[in-house]
Amino acid sequence: MEERCGWCGDDPIYTDYHDHEWGVPEYDARALWEKLILDGFQAGLSWITILKKRDNFRAAFDGFRPEVIARWDEADVTRLLGDPGIIRSRAKIEATIGNARAYLKIAEAEGFDQFLWRYMDGRPQQNRFRTLADVPARTPLSEQISKDLKKQGFRFCGPVITYAFMQAVGMVNDHLVTCPAHERVARLG
């Protein structure tokens, strides 16, 4: 019998995310940036916490438009620190502003989507893990991407966060082979 990946449990928000978003290849540069930022905010927290606050994040961060966020200053940091609808971490908020600036530099040079997907030659890696214990928390590739993002000025993108991001945006298909989403996502790649 096929079962969803066990990490998503039975919370409707989580199962909907698992069934319709997680692992689906994302090629839109702004959407990729949003997901990387949200993965950075998740550090030290559960992903369900971020999912439940995602709409609040989108409102607070002006739709995750990096061209807007890159111009923010201390007044915006203070405003966000007072917003109970998001994770109020000064370090993560300031990193997001800096990451917007880094994103714009990459976007101008080659495109953020191209920057990320070139590591995969434009195609998702199709893993065939049978159990959650088989799925790594980081890989040599996530270590390299993390290192390269940091060279570009990104923060809150260590190798574990980067691998979680790669899973979320479908750079790797880490749905378990026993999960009905595995083959559906594999066909998208």
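Everything that follows concerns the structure shown earlier in this document.
Below: a short report on this structure.

What follows is about the nonpolar core. Counting 56 residues, the largest nonpolar core has Trp33, Phe57, Phe61, Phe112, Phe154 and Met171 as its most contacted members. Considering each element in turn, this core owes the most residues, seven residues, to helix 2 (residues 29-42). Not counting the four nearest positions on each side in its chain, phenylalanine 154 is found in contact with Trp33, Leu36, Asn99, Ala102, Tyr103, Ile106, Phe112 and Leu149.

So, about the side chain of histidine 175. Turning to its location among the elements, histidine 175 is positioned in the loop between strand 2 (172-173) and helix 10 (180-188). A relative accessible area of 0% means that histidine 175 is categorised as buried. Side chain to side chain, histidine 175 and histidine 18 meet in a polar contact 3.2 Å long. Once you skip the residues sitting within four places of it in the chain, histidine 175 turns out to touch Cys5, His18, Trp22, Gly23, Ala181, His182 and Val185.

It is worth spelling out helix 8 (residues 140-151) at this point. In a regular helix each residue adds 1.5 Å, so 12 residues correspond to 16 Å; helix 8 covers 17 Å between its end C-alpha atoms and thus fits that length. Within the sequence span of helix 8, burial applies to Ser142, Ile145, Ser146, Asp148 and Leu149. Viewed along the axis of helix 8, the buried residues span an arc of 165 degrees, placing them on a single side of the element. Residues of helix 8 that are exposed and point more than 90 degrees away from the buried face comprise Pro140 and Lys151. On its buried side, helix 8 packs onto helix 2, helix 7 (112-117) and helix 9 (159-168). Backbone geometry just downstream of helix 8 places glycine 153 in the positive-phi region, at approximately 110 degrees.

Moving on, we come to helix 6 (residues 90-109). Under the 1.5 Å per step criterion, the end-to-end length of helix 6 is 29 Å for 20 residues, consistent within 8% with the ideal 28 Å. Inspection of helix 6 places Lys92, Ile93, Ala95, Thr96, Ile97, Asn99, Ala100, Ala102, Tyr103 and Ile106 among the buried residues, and these make up the whole buried set. Buried residues belonging to helix 6 abut helix 2, helix 4 (66-69), helix 5 (74-81) and helix 7.

Here we come to the packing of aromatic side chains. Applying the stated criterion to the full structure yields 16 aromatic pairs. Relative to tyrosine 14, the ring of tryptophan 7 lies with its centre 5.4 Å away and its plane at 75 degrees, an arrangement referred to as edge-to-face. Given a relative accessible area of 26%, tryptophan 7 falls into the partly exposed group. Between tyrosine 17 and tryptophan 47, the ring centres sit 5.7 Å apart and the planes meet at 50 degrees, which makes this aromatic pair tilted. Separated by 30 residues along the polypeptide, tyrosine 17 in helix 1 (residues 12-20) and tryptophan 47 in helix 3 (residues 47-60) bring together distant segments of the chain.

By the secondary structure assignment, proline 66 is in helix 4. The buried category is assigned to proline 66, whose relative accessible area is 1%. Once residues lying within four places of it in the same chain are set aside, the contact partners of proline 66 are Arg30, Trp33, Ala100, Tyr103 and Leu104.

Definitions and limits used
- Residues numbered from 1 in each chain as written.
- Predicted model: local features only at pLDDT ≥ 70, side-chain atom pairs only at ≥ 80, totals over all residues.
- Heavy atoms only, no water.
- Core = buried A, V, L, I, M, F, W, Y, C linked by side-chain atoms within 4.5 Å.
- Buried < 20%, exposed > 50% of the residue type's maximum accessible area, 1.4 Å probe, protein only.
- Helix = DSSP H or I, 4+ residues; strand = E, 2+ residues; numbered from the N terminus.
- Contact = heavy atoms within 4.5 Å.
- Polar contact = N/O pair within 3.5 Å; in protein donor to acceptor, adjacent residues only side chain to side chain.
- Expected span 1.5 Å × (residues − 1).
- Arc of directions from axis to C-beta.
- Phe/Tyr/Trp six-rings, centres within 6.5 Å; stacked < 30°, edge-to-face > 60°.

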